[in-house]
Amino acid sequence: KALVRVVEIRTEAAQQLGGWSHARYSAEVAAVDRLIEQGSHSEAVGAARLQLEKAQAAGENAYDGAAYDFAMAHVTLGCALQMGGAAEEAVAHLDEARERFHKLGATRMASVALIDKADCLRDLGRYDDAAAAYKEAIRIDEEIGDPRSVAVGKNQLATVRMLQERYPEALRLYDEALHLFKQLGEPAQVATAWHQIDR
């Protein structure tokens, strides 16, 4: 009940912010996130679609950073669709987000969109495509010096290899992720990697 009330308050506050702006965008993203946390996936998809429509109507020059928020709106809708079981539709939005981030020079976020796309491909059982996307994201994250994202990518790629019954490669990747998480001081992720290895 408290979470529902929080969403209502955020929605009311967003309506009082007036025209489309970064503040309005941020408030609406938070509302979508809350709906996802509650498991209200169809409502989250509806809210994310509406948010994307508003960003599109306002245009990329509506305010400073509008183009970035527009790309993020595609990510938000893509993630909501994936959580709602519409991974195929999500892929198109994540591809669009990645292209927009590339144009903006936001390499890190382009990699995030690629990882989200790979998750969708995995959910669809398109394991070879998912593995290729994870590998590309890992390569990008290594280039930009983001060890945590590299570790996450290797962990996710390992899961795909496990689903493909390529167990030696899966074990190697889980082990690599485990060592990276140890270096980063993330005991919860280390424990998760150990659990995967032990399976």
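The sections below set out a description of the structure shown in this document. (Residues numbered from 1 in each chain as written. Predicted model: local features only at pLDDT ≥ 70, side-chain atom pairs only at ≥ 80, totals over all residues. Heavy atoms only, no water.)

Attention shifts here to the pattern of salt bridges. Tallying each qualifying case throughout the model produces 22 salt bridges. With a closest N to O distance of 2.8 Å, K54 and E28 form a salt bridge. A residue pair is termed long-range when its members are at least 10 positions apart, and K54 in helix α3 (residues 41-58) and E28 in helix α2 (residues 22-38) qualify at 26 residues. When its relative accessible area of 25% is taken as the criterion, K54 is described as partly exposed. (Salt bridge = Lys/Arg side-chain N within 4 Å of Asp/Glu carboxyl O. Helix = DSSP H or I, 4+ residues; strand = E, 2+ residues; numbered from the N terminus. Buried < 20%, exposed > 50% of the residue type's maximum accessible area, 1.4 Å probe, protein only.)

With that settled, consider the environment of Q38. With respect to the element layout, Q38 can be found in helix α2. Judged by its relative accessible area of 29%, Q38 is partly exposed.

It is worth spelling out the side chain of T76 at this point. By secondary structure assignment, the location of T76 is in helix α4 (residues 66-83). We classify T76 as buried; its relative accessible area is 8%. Ignoring any residue separated from it by four or fewer positions in sequence, one finds T76 in contact with V29, V32, A48 and Q51. (Contact = heavy atoms within 4.5 Å.)

With that settled, the discussion passes to the packing of aromatic side chains. Evaluation of the coordinates by the stated rule reveals two aromatic pairs. An angle of 80° between the planes, with centres 6.4 Å apart, marks the rings of W20 and Y25 as edge-to-face. Each member of the pair W20 and Y25 is classed as buried. A cation sits over an aromatic face here: R100 above F70, 4.2 Å from the ring centre. (Phe/Tyr/Trp six-rings, centres within 6.5 Å; stacked < 30°, edge-to-face > 60°. Lys NZ or Arg CZ within 6 Å of the ring centre and 35° of its normal.)

Interpretation in functional terms is not warranted from these geometric data alone.
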